[in-house]
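Below, each chain spelled out in residue letters.
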There are 2 protein chains.
Amino acid sequence: MDPYPKPLRDLIAQLKRLPGVGEKTATRLALFILADRQNLAEGLSRSLQNVHENIQLCSACFNLADKPRCSICQDPSRDSSLICVVEEPSDVLALESAHTYKGVYHVLHGLISPLGGVGPEDIRVPELMERLRHSQISEVIVATNPSVEGEGTFHYIEKLIIDGKFDTRVSRIASGIPMGGELKYMDQVTLASALRYRRLTKDK
Amino acid sequence: MDPYPKPLRDLIAQLKRLPGVGEKTATRLALFILADRQNLAEGLSRSLQNVHENIQLCSACFNLADKPRCSICQDPSRDSSLICVVEEPSDVLALESAHTYKGVYHVLHGLISPLGGVGPEDIRVPELMERLRHSQISEVIVATNPSVEGEGTFHYIEKLIIDGKFDTRVSRIASGIPMGGELKYMDQVTLASALRYRRLTKDK
């Protein structure tokens, strides 16, 4: 016999769908929400409904937006001839937090993964090629993660741009030892990559 | 410049109100909710609204309920002359999971805490006394946590029942080394309590 009433059991079941939330955490969160007197249940419910109804993908770059165009694509100070290709919207946030990039983005919403059954048509690769065909793009920076799928997606996009004879440079985000990292804790692939892509600082 | 649209920022702000959820976790959860195609946003929103509107406290024991009486108080197979006093609704769930208790509950919704400014009138102590006055109660088991406030609340309730000359036994849930626990990892207070409340298994 379950001592919790049905609406509470339903809420626990919904919370369990969140990543990293099991039965115990879901129960703790649900009871916290119930015990809260500042209307957390109502505020959260309204925010979720609002997100569900109002968030869309930018028609140009497929970043998250609440208008047909995202705030970055709408910003006239951004260099729209420079496209940075990323896997997910959260990658845009990460790069923006560095306050150094002044171009625009293209969010793929996934990576090509032959084992996972994800081909280039399943993610926003055709739309990227469409942008290259219709606008003057000086450079495409591929900033997918340095993983097997990330590298594979980079090579695929690079080949498409070379084969399509676009007047566009292609670059890959640098991979190596992160700032503050220590060589002794780095994996072999990172060390090999850091050596291979070393910067020449004085030529002879 | 924030690359996330306002409805998403609002959702992140609401999620941050949950216990143990900071900026990073809230962002991860919000993006997960958005990326989910099985309408997690809508389902969660509906559950929250439902909980907000339909959950109430049982008029007898103050456990969570979706009717005026909770499912335990409504169950005719439970012994309503035996009351187990707990701090929170989640304590009811914990005790129910042991499948051994057949009485009813009384949820205090807090503990007496002189330092925190919580007196007996701020929690459901007067309502417990009211139950003792109006029904025939054979025993009150105080199952508050073995903390300073839990012990204090126990002693306060014990004294009220003794002073009120109720024909009711009072008992305290056992405190000691948990099953599977190891003596070497136990704190001093638990060890002292386990020694003090040892069970005599053979009398001479």
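Please refer to the structure placed before this passage.
Rules and cut-offs
Think of each chain on its own: its residues are numbered from 1, step by step along the sequence as written. To label them, take the chains in the order written and letter them from A, then take the ligands in the order written and number them from 1. Local features in this predicted model are restricted to residues whose pLDDT is 70 or higher, and side-chain atom pairs enter the listing and the counts only when it is 80 or higher, whereas totals over whole chains, interfaces and linings include all residues. Excluding hydrogens and water, the side-chain figures rest on all heavy atoms present in the structure. For this analysis, residues touch if any pair of their heavy atoms sits within 4.5 Å. Once two parts are joined, some of their accessible surface, as seen by a 1.4 Å probe, is lost; buried area is that loss totalled over both. Put simply, a salt bridge is a Lys or Arg side-chain nitrogen that is within 4 Å of an Asp or Glu carboxyl oxygen. Whenever a nitrogen or oxygen atom comes within 3.5 Å of another N or O atom, the pair is scored as a polar contact, on the condition that within protein one atom can donate a hydrogen and the other can accept it, and that pairs from neighbouring residues in sequence are kept only if both atoms are in side chains. Numbering goes from the N terminus for both helices and strands, where a helix is a DSSP run of H or I of at least four residues and a strand is a run of E of at least two. Three categories are distinguished: nonpolar for Ala, Val, Leu, Ile, Met, Phe, Trp, Tyr, Cys and Pro, charged for Asp, Glu, Lys and Arg, and polar for the others, with Gly belonging to the last. When a residue's accessible area, from a 1.4 Å probe over protein chains only, is under 20% of the maximum for its type it is buried; when over 50% it is exposed; and in between it is partly exposed. Should DSSP find at least two bridges between two strands, the strands are taken to pair. Note on handedness: a clockwise path from strand one over the helix to strand two, with the strands aimed away from the viewer, defines a right-handed crossover. The atoms used to superpose the copies are C-alpha atoms, taken from residues with pLDDT of at least 70 in both, and the fit is least squares. To obtain each axis, a line is fitted to C-alpha atoms, and for helices this fit is confined to the stretch in contact; angles are then taken between N-to-C directions over 0 to 180 degrees. The disulfide definition used here is simple: a pair of cysteine sulfur atoms within 2.5 Å.

A. Spatial organisation of the interface of chain B and chain A. Opposite the 51 residues of chain B that make contact, chain A presents 51 residues. Interface of chain B and chain A: buried area, both sides summed, is about 4,800 Å²; carbon and sulfur atoms make up 72% of it. If you look at where chain B meets chain A, you find zero salt bridges. Put simply, chain B and chain A have three residue pairs in polar contact (both at pLDDT 80 or more) between them. Put simply, the parts of the chain that give the side of chain B that touches chain A at least two residues each are α1 (6–15), α2 (23–35), α3 (40–54), β2 (64–65), α4 (71–74) and α5 (89–96) of chain B. No other element matches the 13 residues that α3 of chain B contributes to the side of chain B that touches chain A. A breakdown of the residues in the side of chain B that touches chain A according to their chemical character gives 27 nonpolar, 14 polar and ten charged.

B. A look at the pairing of strand β4 (residues 103–107) of chain A. All names here are of chain A. Burial within β4 is extensive, with five of its five residues counted as buried. In terms of strand pairing, strand β3 (residues 79–86) meets β4 through five bridges, oriented parallel. Within the sheet, the bridge partner assigned to D79 lies in β4 and is G103. The parallel pair β3 and β4 is bridged by helix α5 (residues 89–96), and the resulting crossover is right-handed.

C. Fine view of the relation of the copies chain B and chain A. Once chain B has been moved 0.1 Å along the axis and rotated by 179°, it coincides with chain A to within an RMSD of 0.1 Å. Taken together, the turn and the small shift mark the pair as related by a two-fold rotation axis. Taking C-alpha positions as the reference, the residue of chain B nearest the rotation axis is S45 of chain B, at 2.1 Å. Here 100% of the interface residues in chain B have copies in chain A that are interface residues too; the copies meet face to matching face.

D. Spotlight on the pattern of salt bridges. Residues and elements named next belong to chain B. Applying the stated criterion to the full structure yields 20 salt bridges over all chains. K6 is paired through a salt bridge with D10; the nearest N and O atoms lie 2.9 Å apart. You can see K6 and its partner D10 sitting in helix α1, four residues apart, about one turn around the helix. Of the residues examined, K6 reaches a relative accessible area of 47% and is grouped as partly exposed. Given a relative accessible area of 27%, D10 falls into the partly exposed group. Across the pair E151 and R172 runs a salt bridge, and its minimum N-O distance is 3.1 Å. Taken together, the positions of E151 in helix α7 (residues 148–163) and R172 in strand β6 (residues 169–172) put the pair 21 residues apart, joining distant regions of the chain. We classify E151 as partly exposed; its relative accessible area is 28%.

E. Quick look at the sheet that holds strand β5 (residues 139–142) of chain B. All names here are of chain B. Taken in spatial order, the four strands make up an open sheet running β4-β3-β5-β6, and their pairing is parallel. If you trace the sheet from one side to the other, it starts and ends with β4 (103–107) and β6, each paired once. Across the sheet, the mean angle from the axis of one strand to that of its neighbour is 25°, orientation sign disregarded. Contacting β3 (79–86) and β4, α5 runs over the sheet at an angle of about 155° to β4. Contacts between α7 and the sheet are confined to β3, β5 and β6, with β6 contributing the most and set at about 170° to the helix.

F. Structural view of the state of the cysteines. The full count for this structure, using the stated rule, is zero disulfides over all chains. Of the cysteine sulfurs around C73 of chain A, a residue in no disulfide, the closest is that of C61 of chain A, at 3.7 Å.

G. Molecular detail of the sheet that holds strand β6 (residues 169–172) of chain A. Residue and element names in this part refer to chain A. Pairing within the open sheet is parallel, and its four strands lie in the order β4-β3-β5-β6. The sheet is open, and its two borders are formed by β4 and β6, each paired with just one other strand. Pairwise comparison of adjacent strand axes, ignoring direction, gives a mean angle of 25° for this sheet. Across the sheet, α5 touches β3 and β4, and the angle it forms with β4 is around 155°. On the sheet, helix α7 (residues 148–163) packs against β3, β5 (139–142) and β6 and is oriented at approximately 170° with respect to β6.

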